[in-house]
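# Inside the fold
One-letter residues, chain by chain:
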Amino acid sequence: LYCANIYLQLYFYTGLPLQPYESDLNDFCLKMAEYNQEATLHVTLPYWQCALNLMGRSEKPTELTGEVMEQTEYLETSEESHDERAKQIVLSLRLQLGYYFGDLELAETM
């Protein structure tokens with residue numbers, strides 16, 4: 001399912017519609033959980049939450065907190081496990097969300 005993660009990361013940057021992307025994220029994340037692919041799931045969840053934010057399904061669109069993850073908890077877990085990749089994914093996605101939603105101060109700090 002690592003290849004599914006790569007597909008999902010690449011799809012994010014294609015500019016294609018978000019509805020089928022979110023559906024794929026849902027399906028693949030469920031499979032990752034089913035097969036105990038915890039590390040792959042961990043780095044995929046921010047993309048899923050980001051897609052939901054872009055679709056208007058988050059109260060705070062520039063934070064990766066909502067239906068599938070909680071940003072603060074995610075970053076704490078990533079810090080504890082020394083998962084630099086996961087932290088960089090969150091920073092990158094939040095930078096983009098800041099830009100897309102007009103919060104340029106946030107984007108500058110990321």
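Residues numbered from 1 in each chain as written. Predicted model: local features only at pLDDT ≥ 70, side-chain atom pairs only at ≥ 80, totals over all residues. Heavy atoms only, no water.

## A short note on the packing of helix α1 (residues 2–12) against helix α5 (residues 84–100)
Filter applied, for reference: Geometry is summarised by axes, namely lines fitted to C-alpha atoms with helices restricted to the contacting stretch, and by angles between N-to-C directions that run from 0 to 180 degrees. Numbering of helices and strands starts at the N terminus; helices are DSSP runs of H or I of at least 4 residues and strands are runs of E of at least 2. For classification purposes, angles smaller than 35 degrees are called roughly parallel, those larger than 145 roughly antiparallel, those between 65 and 115 roughly perpendicular, and all remaining angles oblique. Left-handed describes a crossing whose near helix is turned anticlockwise from the far helix by less than a right angle; the clockwise case is right-handed. The contact definition used throughout considers only heavy atoms, calling two residues in contact when any of these lie within 4.5 Å. Under the scheme applied, nonpolar residues are Ala, Val, Leu, Ile, Met, Phe, Trp, Tyr, Cys and Pro; charged residues are Asp, Glu, Lys and Arg; polar residues are all the others, including Gly.
Across the interface, α1 lies against α5 with an axial gap of 13 Å and an inter-helix angle of 20°. Overall, the two elements α1 and α5 adopt an arrangement that is roughly parallel. Here the hand of the crossing between α1 and α5 comes out left-handed. Here α1 contributes Tyr2, Asn5, Gln9 and Phe12 to the contact with α5, which in turn contributes Arg85, Leu93 and Gln96. Broken down by class, the residue content of the contact of α1 with α5 amounts to 3 nonpolar, 3 polar and 1 charged.

## Points about the nonpolar core
Threshold: Here, nonpolar core means buried Ala, Val, Leu, Ile, Met, Phe, Trp, Tyr and Cys residues that are tied together by side-chain atoms lying within 4.5 Å of each other. Each residue is placed in one exposure class: buried if its accessible area under a 1.4 Å probe, protein chains only, is under 20% of its type's maximum, exposed if it is over 50%, and partly exposed if it falls in between.
Judged by nonpolar contacts, the single largest core of 24 residues is most densely connected at Tyr21, Leu25, Tyr47, Leu64 and Leu93. For this core, the secondary-structure elements that each account for two or more residues are α1, α2 (18–34), α3 (38–54) and α5. Here this core takes 8 residues from α3, the largest share from any one element. In this view, Tyr21 contacts Leu8, Tyr11, Phe12, Tyr47 and Ala51; residues no more than four positions away in its chain are not counted.

## Remarks on the packing of aromatic side chains
Put simply, the test is: Stacked, edge-to-face and tilted are the three classes for Phe, Tyr and Trp ring pairs, Trp counted by its six-membered ring, which pair at centre distances within 6.5 Å; planes under 30 degrees apart are stacked, over 60 edge-to-face, the rest tilted.
Counted by the stated rule, this structure contains 7 aromatic pairs. Taking the centre distance of 6.3 Å and the plane angle of 50° together, the rings of Phe12 and Tyr21 count as tilted. There is no split in this pair, since Phe12 and Tyr21 are both buried. Here Tyr99 and Tyr100 contribute two aromatic rings whose centre-to-centre distance is 6.2 Å and whose plane-to-plane angle is 65°, an arrangement assigned as edge-to-face. Taking the relative accessible area as the measure of exposure, Tyr100 reaches 47% and is therefore partly exposed.

## Describing the pattern of salt bridges
For clarity, the cut-off: Salt bridges, as used here, are contacts in which a Lys or Arg side-chain nitrogen is within 4 Å of a carboxyl oxygen on Asp or Glu.
All chains considered together, the criterion is met by 5 salt bridges. The partner of Arg57 in a salt bridge is Glu22, and the shortest N-O contact between them spans 4.0 Å. In this pair, Arg57 sits in the loop between α3 and α4 (71–80) while Glu22 sits in helix α2, placing the two residues 35 residues apart along the sequence. Note on Arg57: relative accessible area 34%, which makes it partly exposed. With a shortest N-O distance of 2.9 Å, Lys87 and Glu79 are connected by a salt bridge. Classification of Glu79 by relative accessible area gives partly exposed; the value is 45%. One salt-bridge network, in which partners are shared between bridges, spans Glu22, Arg57 and Glu67.

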